[in-house]
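Descriptive structure summary
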Amino acid sequence: MRITAFVLFMSFSFSFGQKSYEFDTLLEYECRFNTSKSDTLVTQYIYTNSKDNSYYITVRGHDKLNYSLEFADIDNYHSVVKVLRSQLFNFNLISIDNCKNVHKMTNRYKSKIRNYAFTIQSDTIISSKTYKSYTLKYLKSKRKKKKNKIGTNHYIIKNNTEYHLPILTHPLTYNEWKKENNIPNGIYKEYFFYNHNDKITNHHKLKKIKQVAVKLNLVKPCPLIITVPTN
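Residues numbered from 1 in each chain as written. Predicted model: local features only at pLDDT ≥ 70, side-chain atom pairs only at ≥ 80, totals over all residues. Heavy atoms only, no water.

1. Thoughts on the overall build of the protein
The secondary structure content of the protein amounts to 2 helices and 16 strands. Counting the 231 residues in the protein, one finds 43% classified as buried. Of the roughly 13,600 Å² of accessible surface on the protein, 50% is carried by carbon and sulfur atoms. (Helix = DSSP H or I, 4+ residues; strand = E, 2+ residues; numbered from the N terminus. Buried < 20%, exposed > 50% of the residue type's maximum accessible area, 1.4 Å probe, protein only. Areas by Shrake-Rupley, 256 points an atom, 1.4 Å probe, with all protein chains shown as cover.)

So, in structure tokens, the structure goes:
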């Protein structure tokens, strides 16, 4: 018996159309990552829309010639591409036009937000200045927290940035904000991540805020192709 195959293009899943996103803010952070093996300091850039925090771009160094650019539309699409260092900040239009580089995001965190809650902290004083502050904490037992290696996010908000919605780049934090909507607006001046042993392993410190007018055009993911064997 001879097996042949034919291809079905699942056009109902995605079309080859493009979607556009606009960004009005570029943030520069100094990020320190502490692990048991190393202590790494890197520069990270974040493109945001002050009125829509459901999507963002993060940029980090990839090699001497390229940046690694990650785009996320938290409930829709995700893409990671390389961009020449000499070009990225010189253009107001970014295009991701290869559908193989774009993927549908599956938000597996929506069902877990019931285990977390934002808590408004007492005002934080740094160099005699007062700042708003909040944390995202796990609500279950310390035993479960350590067993599942779950940490705590702590955000300190820069004064006079209430015009900007909270910057929450993890799907869990974003969906928790959508559910509770109980934290102050503003760009975080500092971000700390405490691991399951309450040790700081990530520390991001704001270095610069720049107003921009940048647009990203994103092609949708490639159509799903299924090969069906027939007799």
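2. Quick look at the pattern of salt bridges
Between side chains of opposite charge, pairing is possible as soon as their charged atoms come close. Throughout the structure, instances matching the rule amount to 4 salt bridges. A salt bridge links Glu176 to Lys179, with the shortest nitrogen-to-oxygen separation between them at 3.6 Å. One end of the pair is Glu176 and the other is Lys179, both in helix α2 (residues 171–180) and 3 residues apart, which spans about a single turn. Exposure remark for Lys179: the relative accessible area of 46% places this residue in the partly exposed category. (Salt bridge = Lys/Arg side-chain N within 4 Å of Asp/Glu carboxyl O.)

3. Quick word on the side chain of Ser79
Tracing the backbone shows Ser79 in strand β6 (residues 77–84). There is a polar contact of 2.6 Å between the side chain of Ser79 and the backbone oxygen of Asn101. With sequence-adjacent residues up to four places away left out, Ser79 is seen in contact with Leu69, Glu70, Phe71, Ile96, Asn101, Val102 and Leu218. (Polar contact = N/O pair within 3.5 Å; in protein donor to acceptor, adjacent residues only side chain to side chain. Contact = heavy atoms within 4.5 Å.)

4. Topic: the environment of Ile96
With respect to the helices and strands, the residue Ile96 is situated in strand β7 (residues 93–96). Look at Ile96 and you get buried, because its relative accessible area is 3%. Each C-alpha atom of the pair Ile96 and Leu216 lies 7.6 Å from the other, and the pair is 120 residues apart in sequence. Excluding anything up to four places from it in sequence, Ile96 contacts Leu69, Phe71, Ser79, Val81, Asn101, Val102, Leu216, Asn217, Leu218 and Val219.

5. Overview of the nonpolar core
Counting residues in hydrophobic clusters, the biggest one holds 30 residues, and the most contacted among them are Tyr29, Leu168 and Tyr188. Secondary structure elements with two or more residues in this core: β2 (18–34), β9 (116–120), β12 (133–138), β13 (152–157), α2 and β14 (188–194). With 4 residues, the single largest contributor to this core is β2. Residues contacting Leu168, with those up to four places away along its chain left out, are Ile74, Phe118, Tyr134, Tyr155, Thr173, Tyr174, Trp177 and Ile183. (Core = buried A, V, L, I, M, F, W, Y, C linked by side-chain atoms within 4.5 Å.)

6. Regarding a positive patch on the surface
There is a patch of like positive charges on the surface, built from Arg114, Lys140, Arg143, Lys144 and Lys147. Note on placement: Lys140 falls in the loop between β12 and α1 (142–147). (Patch = residues over 30% accessible without salt bridge, like charges linked within 9 Å, V, L, I, M, F, W, Y side chains within 5 Å. Lys, Arg positive; Asp, Glu negative; His and termini not counted. Charge placed at Lys NZ, Arg CZ, Asp CG, Glu CD.)

7. Some words on the state of the cysteines
In this structure the tally under the stated criterion is 1 disulfide. The disulfide that involves Cys99 links it to Cys222, with 1.8 Å between the sulfurs. The sign of the S-S torsion, about 80 degrees, decides the handedness of the disulfide formed by Cys99 and Cys222: right-handed. Taken as a pair, Cys99 in the loop between β7 and β8 (102–104) and Cys222 in the loop between β15 (200–219) and β16 (224–230) lie far apart in primary sequence, 123 residues in all. For Cys99, a relative accessible area of 12% corresponds to the buried category. Assessed through its relative accessible area of 27%, Cys222 is described here as partly exposed. (Disulfide = S-S within 2.5 Å.)

8. Details of the pairing of β12
Counting buried residues along β12, 5 of its 6 residues qualify, which places the element largely inside the surrounding structure. Where β9 meets β12, 5 bridges bridge the pair, whose relative direction is antiparallel. Of the residues in β12, the one forming a bridge with Ile120 is Tyr134. (Pairing = 2+ DSSP bridges.)

9. Some points on the pairing of β14
With 6 bridges connecting them, β13 and β14 associate as antiparallel partners. Following the sheet pairing, Ile157 is matched in β14 by Tyr188. Of the pairings in the sheet, the one linking β14 to β15 comprises 5 bridges and is antiparallel in character. Note that in β15 the partner of Tyr194 across the bridge is Ile200.

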